[in-house]
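Listed below are the residues making up each chain.
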Amino acid sequence: MAQPNLFSPLGLQQGGGAKPLVEYRCGKMNTGTNQQLVAEKRKGILQVLQTPDALMHFVWKDRTTGSTEDDLIIFPGEATFKKLKQVENGRVFLLEFPATSRRLFFWSQEAAVEKDEDTVSKVNQFINNPPAAENQGY
């Protein structure tokens, strides 16, 4: 049996690994001048995964290249994910770490608006109340 590569994204074996618990197409946003948010044009996908060691990963991948750009291990109570209501021209989401003031912004690339609230609920459920690893088929 092959050993996992500990230096690969998520420490998973080539061609195998964690199945996403949540997937949502979205791009990244950066803070520009005057703290204004600027959307990156790249196509992306947000995933919440649980690895065999029971750790929850919040991952953002570039859908064009397939490369993982962000892979954050999140512990229960450490972060919240929410849809920003005050945005006028698009659908923007925030992953916030209150203890460190770290904030990551994403813009929706999903056509279905009705999927937004369900996605927010599922992301928060999994990062703050992770399922037992044995229930994930490992």
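Residues numbered from 1 in each chain as written. Predicted model: local features only at pLDDT ≥ 70, side-chain atom pairs only at ≥ 80, totals over all residues. Heavy atoms only, no water.

## Observations concerning the overall build of the protein
Thinking step 1. Of regular secondary structure, the protein possesses one helix and eight strands.
Thinking step 2. Sequence-ordered secondary structure for the protein, helices as α and strands as β, is β-β-β-β-β-β-β-β-α.
Thinking step 3. Taking all 138 residues of the protein together, the buried fraction comes to 38%.
Thinking step 4. Long-range contacts, defined here as pairs at least 24 residues apart, represent 47% of the contacts in the protein between residues at least 6 apart. (Helix = DSSP H or I, 4+ residues; strand = E, 2+ residues; numbered from the N terminus. Buried < 20%, exposed > 50% of the residue type's maximum accessible area, 1.4 Å probe, protein only. Contact = heavy atoms within 4.5 Å.)

## As for the pattern of salt bridges
Thinking step 1. Following the criterion strictly, the structure yields 12 salt bridges and no others.
Thinking step 2. Notably, a salt bridge pairs Lys85 with Glu117, separated by 3.3 Å at the nearest N-O pair. Here Lys85 is found in the loop between strand S6 (80–84) and strand S7 (92–97), whereas its partner Glu117 is found in helix H1 (residues 115–128), with 32 residues between them in sequence.
Thinking step 3. The class of Glu117 is partly exposed, set by a relative accessible area of 42%.
Thinking step 4. Each of Lys28, Glu40, Arg42, Asp62, Glu69 and Asp70 takes part in a single network of salt bridges with overlapping partners. (Salt bridge = Lys/Arg side-chain N within 4 Å of Asp/Glu carboxyl O.)

Honestly, that's just the spatial picture; any functional story needs more than this.
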